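# Reading the structure
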Amino acid sequence: MAIELRASKPGQAVTPEVGADIARIVGIWESCRSRFAARGSLLFGPFSIADAMYAQVIWRFLPYDVSLPPVAQARVETLPAMREWQVGALAEPL
């Protein structure tokens, strides 16, 4: 799944292997949120390197319109800086 912010490729890259990777990532996010939700809204509560590391994964999910359970979908929507990056990237000339 490539990072292509301008693309719209719903479901195109979700092979069984990719689906397994997505499920593993969602499981990690859900585990972190269930353990650290009291500390804040990000993976381990406050912003951490884990949030920065998984930002690229979120960028990969968006163009492919990956269907996520609520806890993981909230993860996609939690980082305001990501929306700022997206706006900036889309404003760049091709």
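Above: the structure in question.
The structure reproduced in this document is the subject of the present report. Quantities reported herein were computed from a predicted structural model and do not represent experimental measurements.

## Remarks on unusual backbone geometry
Although it is not a glycine, aspartate 65 sits at a positive phi angle of roughly 50°. Considering the arrangement of structural elements, one finds aspartate 65 in the loop between helix 2 (49–61) and helix 3 (70–78).

## Considerations on the pattern of salt bridges
Any two side chains of opposite charge can pair, given that their charged atoms come close. Scanning the entire structure with this criterion turns up one salt bridge. Two residues, lysine 9 and glutamate 4, come together in a salt bridge whose shortest N-O distance is 2.7 Å. By relative accessible area, which is 29% here, glutamate 4 ends up partly exposed.

## Focus: the nonpolar core
Generally speaking, nonpolar side chains in soluble globular proteins are found buried as a group. Counting residues in hydrophobic clusters, the biggest one holds 23 residues, and the most contacted among them are Ile22, Trp29, Phe61 and Leu68. Sorting the residues of this core by element identifies helix 1 (16–36), helix 2 and helix 3 as the ones contributing at least two each. A total of seven residues in this core trace back to one element, the largest contributor, which is helix 2. Leave out the neighbours within four places in its chain, and leucine 68 touches Ile22, Val26, Phe61, Gln73 and Val76.

## Notes on the environment of arginine 60
Mapped onto the secondary structure, arginine 60 falls in helix 2. Spatially, the C-alpha atom of arginine 60 lies 4.9 Å from that of isoleucine 3, the residues being 57 residues apart in sequence. If we skip the residues at most four places from it in the chain, arginine 60 touches Met1, Ala2 and Ile3. Among the polar contacts made by the side chain of arginine 60, one reaches the main-chain carbonyl oxygen of methionine 1 at a distance of 2.7 Å.

Basis of the calculations
- Residues numbered from 1 in each chain as written.
- Predicted model: local features only at pLDDT ≥ 70, side-chain atom pairs only at ≥ 80, totals over all residues.
- Heavy atoms only, no water.
- Helix = DSSP H or I, 4+ residues; strand = E, 2+ residues; numbered from the N terminus.
- Salt bridge = Lys/Arg side-chain N within 4 Å of Asp/Glu carboxyl O.
- Buried < 20%, exposed > 50% of the residue type's maximum accessible area, 1.4 Å probe, protein only.
- Core = buried A, V, L, I, M, F, W, Y, C linked by side-chain atoms within 4.5 Å.
- Contact = heavy atoms within 4.5 Å.
- Polar contact = N/O pair within 3.5 Å; in protein donor to acceptor, adjacent residues only side chain to side chain.

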